[in-house]
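# Chain and residue survey
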Amino acid sequence: MIGPKRPRWLAALARLVPEDRRGDWLREWHAELTRIAREAASSGAPFGRRIRVRLAAGLGAFEDALGMGRRARARATWLRDLRVAARGLWRSPSFTLVAVTTLALGIGANAAIYSVTRSALLRPLPFRAPEQLVDVRLSFQNRHSGAEHPIPASEPEFLELRADLGVDLAGYWTGDVNLGGAEQPLRVSAAFVTANFLDLLGAAPALGRGFRTGEDLPGNTGVVVLSHGLWIRAFAGDPGAVGREVTLNGRAVTVVGVLPEAFVFPERPVDLLQPNPLDPVAPGGRSSHYLTMIGRLEPGSTIAASQARATDLAARWSEEYPGRHGVSPDHPVTLVSLRESMVGEVRASLLLLLGVVGLVLLIASANVASLVLMRIEHRQPETELRLALGAGARGVARPFLAESAILAVVGAALGLAVAAGAIGVLERFGPAELTRLGKIRIDLAVLGFTVTATGLACLVFGLMPVASGLRAAVAGRLRDGVRTATGGTARARLRQALVVTEITLAVLLVIGAGLLIKSFAKLRAMEPGFDPAGVVTMDLSLNSTDYPDAAAVFGFHEALAERLERLPGVVAAGAIRVLPFTGTPGLESMKPADRAIDPDQYWNAQYQVVSPGTLEALGVPLLEGRGLTPSDRPGAPAVALVNRAMADEFWPGASPIGRTVKFGTPSTATPVLTIVGVVGDVRQSGYRAAGAPQIYLPRGQASAIYGGLGTRFATLVVRSALPPAAAMAALREVVRELDPRLPIANLSTMSRVMAGSVTDERFLAGLVAVFSGLALTLGAVGVGGIVAYAVERRTRELGLRIALGAGRSGILLGILRGALGLAVAGALGGTLLGLATARLLERHLFGVGTADPTVFLAAPLVLTAAALGAALLPAVRATRIDPIEAMRVE
């Protein structure tokens, strides 16, 4: 006990007080300590506890004596509360681990998807003044079917647009080329551009120079600029690569520059740029559409003003060239911002995912709020004591808010780690569009987003339960009993509301995932029109130096076909111009040669160039007539195959066998083609593409129409009974024996090619399924947690009921009935919300309605079953309560 003598620690503490106030302060505190000691002696209460309470209450007076302001006192108080909260969380590892993990998953998912969204949609394009850049598009209307197809521009159209549109215009086209002069031959992607392309974008090479004016004139195009990736891959990053001579498709060219690593090609990644020969004095024909266009608006100009000029120009074309441009104004020229053109396809998917992860964060926050509310109720004695000592609502709330703040900060830190890992997975397995504009990274904007998301989550799981707990404490109801499995007090109702909210949002996400997964399954179940099993493919390109004419090209393919057919296990082999599921073949205009039709009417069909055996290798069925044979050679009567869609559209109700067609206009010097067979429809552009009219030309005869252009580029197709790895090795060896300088490119199986065509759909359905699974788990855990807590609070009541003869099965069913009520309420709310919002998924669905009954029945049932499963364990535990032990529970 402290008597008249002053304790040493008080004298030491007094040295911190200004000298002019030290004496009064010492006398006041010595008298106060003496009074506390006497009260402790008379009441029997521990002196240490009383002195700690008094010291806490008198801290403000001591700080005033030190001259500390209100802000400094508040800071010291919060620091003390944070230390106490940290110790409390450390002593509750289960609660802390569950809460932090839940928040980390919710915040990490949001940070990852926001990082992707920012990279693809929000980050400025890596060009000079990107807001001035526009994509200039043309489209063509099929005058027979009325369908509209996007098309590139022809050279005359490009030159007229550049002169009349009031826009600095550049053009390009892309393809694959054989690169020689590096360590080994490579098949690389190339962009053939007008000389002003890099200047228009404002993209300067990191090494060397770009293209000069006039280097896109015929005869002057022997220069290339490498991408940074190809420079590293083929030249090991050697600066001496600039000025070096290499070969492209057998022709010598000089490397004049290397692009920076951050350069982004607008359409797709390319390995090098080369000028495209374009003669402004004698451009090519108006029917040769191959130039994609990018423009830069003049300062002060707008897209709308340039669009008006483009509309006038298209109308003039329709009048001057009606046979080429259709009925006015059915050959429109459209201008859109380059950003919209580059990110338009992925925008909807990313915004959808951003909404999904936002719902996951809400579910996680509601789950943690429910845990915090239970923790507040567990600490009723502490709250009562602090209120009784006059701490006030703010003082009582601070420790709980400090715990919430710590949970939020730790959850956010771990969430960023989760986001970093998720970004790595998305970059590896997601569609290429995600990283087109640069590497996905966690930057200051992502950190700001994470801080904002964390703050909002903290408001949900921190303030709401604390406010509810304080209201109950002030009203003197901290010790109210819990009468049912879900509770009857205001706090119990809040817990119920949180869990029902979790289930509602989880059902909504499961419905969305169900629709997308069913859509993806329907897409993959579509009959492609051929059999991919056992088929391997490889791209080939024959250069004009080693294969200068159509005869040389045809000779190579004949020799290749002979060797492939001799391979053990090969069933059929051939080559095709555009492999199904990798792109759309060219669209060709034609007329019947054996009957007259409207002079202004032209038929339009996709054309393919194939070798004998190609369709057999793909497994495309022959429906009528004959297939192509080795006798369909150069000089033999020109023949063609058509698919069922073309036969039905152009010869409805009649057989097309023996009918004739002619490409181009009647005056065009192309042979008359005789239809000798009808084959099945192939979904050329992917699962979503219905069978379009197609015509198949023999590779040996296509040079009469395309001058060899359609025969140099081909994809080998081999059906083999061997395992895919063995078949691919044999195919590679045969090509190397014929020409060791030909690079091997895109060696794959047909099944893998088809799987790659639905990467976007698989990515979206997979991610939404993962997030909905997380939401389902959190919803089920929420139900299980509230049931477990209710059982714990009712231990005494349940023990008494068992002692009085209540059946354990009745107790089990009663508890599960309460859990079922929560699950049904949430399932009903989620189903109604799903019906109201499912149309947002409409553009992502294939063959599935937005109110698909199977999905809308299965999702609530799955959530309900999961919730009951989570509630079963604590419910069974309740039936095993020992009545005698339960009576001892306070």
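Anyway, here's the lowdown on the structure attached to this text. The model shown is predicted, which means the values in this text are computed figures rather than measured ones.

Cut-offs used in this document
- Residues numbered from 1 in each chain as written.
- Predicted model: local features only at pLDDT ≥ 70, side-chain atom pairs only at ≥ 80, totals over all residues.
- Heavy atoms only, no water.
- Helix = DSSP H or I, 4+ residues; strand = E, 2+ residues; numbered from the N terminus.
- Buried < 20%, exposed > 50% of the residue type's maximum accessible area, 1.4 Å probe, protein only.
- Contact = heavy atoms within 4.5 Å.
- Areas by Shrake-Rupley, 256 points an atom, 1.4 Å probe, with all protein chains shown as cover.
- Core = buried A, V, L, I, M, F, W, Y, C linked by side-chain atoms within 4.5 Å.
- Expected span 1.5 Å × (residues − 1).
- Arc of directions from axis to C-beta.
- Salt bridge = Lys/Arg side-chain N within 4 Å of Asp/Glu carboxyl O.
- Phe/Tyr/Trp six-rings, centres within 6.5 Å; stacked < 30°, edge-to-face > 60°.

## Comments concerning the overall build of the chain
Summing up its helical and strand segments, the chain has 28 helices and 22 strands in all. Residue burial in the chain is summarised as follows: out of 890 residues, 50% are buried. Summarising the internal contacts of the chain: among those between residues at least 6 apart in sequence, 79% fall at separations of at least 24. Accessible surface, the chain: about 39,500 Å² in total, of which carbon and sulfur atoms supply 59%.

## Quick look at the nonpolar core
With 125 residues, the main nonpolar core has Phe-197, Leu-201, Phe-263, Leu-273 and Leu-515 as its most contacted residues. With 16 residues, helix α24 (residues 759-793) is the largest single contributor of residues to this core. If you look at the next biggest cluster of nonpolar residues, it comprises 23 residues, including Phe-556, Leu-564, Val-718 and Ala-727.

## Topic: helix α10 (residues 303-320)
Taking 1.5 Å as the rise per residue, α10 with 18 residues should run 26 Å; its terminal C-alpha atoms sit 25 Å apart, in good agreement. Within α10, the full set of buried residues consists of Ser-306, Gln-307, Ala-310, Leu-313, Ala-314, Trp-317 and Ser-318. An end-on view of α10 places all buried positions within 140° of arc, on one side of the element. Turned more than 90 degrees off the buried face of α10, the exposed positions are Ala-304, Asp-312 and Glu-319.

## Re the pattern of salt bridges
Considering all chains together, one arrives at 14 salt bridges under this definition. The closest approach of N and O atoms between Asp-531 and Arg-719, which form a salt bridge, is 3.8 Å. Of this pair, Asp-531 sits in the loop between α16 (490-525) and β12 (535-541) while Arg-719 is found in strand β21 (residues 713-720), placing the two residues 188 residues apart along the sequence. Among the residues examined, Asp-531 registers a relative accessible area of 37% and is labelled partly exposed.

## Here we look at the side chain of Ser-115
Looking at where Ser-115 falls in the secondary structure, it is placed in helix α6 (residues 93-122). The exposure class assigned to Ser-115 is buried, which follows from its relative accessible area of 0%. Those residues in contact with Ser-115, other than ones at most four positions away along the chain, are Ile-423, Ile-440, Arg-441, Ile-442 and Val-446.

## Side note on the packing of aromatic side chains
A full pass over the atoms with the stated rule returns 12 aromatic pairs. Pairing Trp-173 with Tyr-290 gives two aromatic rings, centres 6.4 Å apart and planes at 85°, and the pair type is edge-to-face. On the criterion of sequence distance, the pair formed by Trp-173 in strand β3 (residues 167-180) and Tyr-290 in the loop between β9 (272-275) and β10 (292-297) is long-range, its members being 117 residues apart. On the accessibility criterion, Trp-173 (31% relative accessible area) is partly exposed. Aromatic pair Trp-603 and Phe-650: ring centres 4.3 Å apart, planes at 5°, arrangement stacked.

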